[in-house]
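# Topology and contacts: notes
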Amino acid sequence: MPESEYEVELFRKQGFTRQTCGKCGKAFWSLGHHETCGEAPCQEYDFIGSPPFKKKLTYRAMREDFLSFLEQNGHARVKRYPIVARWRDDVFFVQASVYPFQPWVISRQASPPANPLAISQPCVRFIDIDNVGKTGQHFTLFEMMAHHAFNFPDHPIYWKDHTVELCQLFLTERLGVDPAIVRYKESWWEGGGNSGPCLEVVFGGAEAATLVFMQNRDVNGHRVPMDTTVVDTGYGLERLTWLSQGTTSAYEAVFGDALAYLKRATGAKRVDDRVLRETRSAS
Ligand SMILES: [Zn+2]
């Protein structure tokens, strides 16, 4: 992809520089200077025991923080959609926050419930299920938090600049992440017959969000520009909750109360964190 696909006004204004990962060679943008792109396996998790956020948030508080931040920034909060994608004939289940709006909103046969909008959408990915319990970070069900903007030809909302600005503001001002550690990794996204450039938002060794700029559709193997472009973001609710707590596994961050109960009920008073850490990193 040409570098210009990833030129964002905020990067220029705030002095982000384009750097290259010394291990995988991928390009990324950051205010700080880094040897690697920051994502495993190029960099190990470094947030366990030292979370990069100013406060520890529960699952519920993180969801509320995200949605209320976007409401304060001109987005309407919309309710979650069912996990069974009964409005689509190409998939059975919702795997991402944009699924509720495909294909009818993007093809303009239906209006979006609000524009721009904020949502926290339950999703299932069956490909994850074998990893549940083993990796310490996969779930049978997860919530993808998102802000979406549908840029209709006669009614554009916002595109790359404001999308990155909202993400950077949420992470640094709302959650208190050091702006220098955040990296925006250049990548390319494809799904459901659509494609476009994307920025993977990485810090602490983990990918916390992806900002997709859906701008092409596939017609007989050719990329054709879409009339309606879509800001398709995805912020992992469980991942962000885990980053904020820096616990040994994501399960302790997300299911803290349930785990405390199970430990009491089973008499498992002492859990060796070292064993948990080693099990997680071995997977
Ligand atoms: Zn890398």
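Residues numbered from 1 in each chain as written. Predicted model: local features only at pLDDT ≥ 70, side-chain atom pairs only at ≥ 80, totals over all residues. Heavy atoms only, no water.

## Notes on the coordination of the zinc ion
Listed as protein donors to the zinc ion are Cys 21 (SG), Cys 24 (SG), Cys 37 (SG) and Cys 42 (SG); their distances from the metal cover 2.3 to 2.4 Å. Each of the four donor atoms bound to the zinc ion contributes to angles spanning 103 to 115 degrees, and the resulting shape is tetrahedral. For the zinc ion, the donor residues sit on a single chain with the sequence spacing C-x2-C-x12-C-x4-C. In this pair, Cys 21 is assigned in the loop between strand 1 (17-20) and strand 2 (27-30) and Cys 37 in the loop between strand 2 and helix 2 (59-72), connecting sequence segments 16 residues apart. Judged by relative accessible area, which is 4%, Cys 21 ranks as buried. (Donors = N, O, S within 2.8 Å, 3.2 Å for Na, K, Ca; no water. Tetrahedral: all angles 85-135°; square planar, octahedral: opposite > 155°, others 65-115°. Helix = DSSP H or I, 4+ residues; strand = E, 2+ residues; numbered from the N terminus. Buried < 20%, exposed > 50% of the residue type's maximum accessible area, 1.4 Å probe, protein only.)

## Looking at the environment of Trp 29
Examined against the element boundaries, Trp 29 turns out to sit in strand 2. Given the relative accessible area of 8%, Trp 29 is considered buried. C-alpha of Trp 29 to C-alpha of Tyr 6: the two residues are 23 residues apart in sequence and 9.0 Å apart in space. Among the polar contacts listed, one links the side chain of Trp 29 to the side chain of Glu 186, at a separation of 2.8 Å. (Polar contact = N/O pair within 3.5 Å; in protein donor to acceptor, adjacent residues only side chain to side chain.)

## Some details on the packing of helix 2 against helix 4 (residues 237-245)
Contact pair helix 2 / helix 4: the axes reach a minimum separation of 9 Å and the direction vectors enclose 110 degrees. Compared by their axis directions, helix 2 and helix 4 come out roughly perpendicular. Between helix 2 and helix 4 lies a crossing of right-handed hand. Within the contact between the two elements, helix 2 uses Tyr 59, Met 62 and Arg 63 and helix 4 uses Leu 237, Glu 238, Leu 240, Thr 241 and Ser 244. Considering only residue class, the contact of helix 2 with helix 4 consists of four nonpolar, two polar and two charged. (Axes fitted to C-alpha atoms, helices over the stretch in contact; angles between N-to-C directions. Parallel < 35°, antiparallel > 145°, perpendicular 65-115°, else oblique. Left-handed = near helix turned anticlockwise from the far one by under 90°. Contact = heavy atoms within 4.5 Å. Nonpolar A, V, L, I, M, F, W, Y, C, P; charged D, E, K, R; others polar.)

## With respect to helix 4
For helix 4, the tally of buried residues reaches eight of nine residues, placing the bulk of the element in the interior. Turning to helix 4, its buried residues are Leu 237, Glu 238, Leu 240, Thr 241, Trp 242, Leu 243, Ser 244 and Gln 245.

## Looking at the side chain of Thr 36
Relative to the helices and strands, Thr 36 is located in the loop between strand 2 and helix 2. On the basis of relative accessibility, which here comes to 11%, the residue Thr 36 falls in the buried class. Within the local environment of Thr 36, its side chain forms a polar contact with the backbone nitrogen of Gly 38, the two atoms lying 3.1 Å apart. Residues in contact with Thr 36, not counting those within four places in the same chain, are Cys 21, Gly 22, Lys 23, Phe 28, Cys 42, Gln 43 and Arg 183.

## Remarks on unusual backbone geometry
Excluding glycine, a negative phi dihedral is what most residues carry, and trans is how most peptide bonds are arranged. In this model, Gln 102 is joined to Pro 103 through a cis peptide bond whose omega is -5 degrees. In this structure, Pro 103 sits in the loop between strand 3 (76-77) and strand 4 (117-123). Omega for the peptide link from Asn 115 to Pro 116 comes to 0 degrees, which places this bond in the cis form. Assignment of secondary structure puts Pro 116 in the loop between strand 3 and strand 4. Phi angles above zero are rare outside glycine, and Arg 108 is one such case at about 70 degrees. The residue Arg 108 is located in the loop between strand 3 and strand 4 in this model. Positive phi, normally seen in glycine, also occurs at Asn 220, with a value near 50 degrees. In this fold, Asn 220 is placed in the loop between strand 8 (206-219) and strand 9 (222-236).

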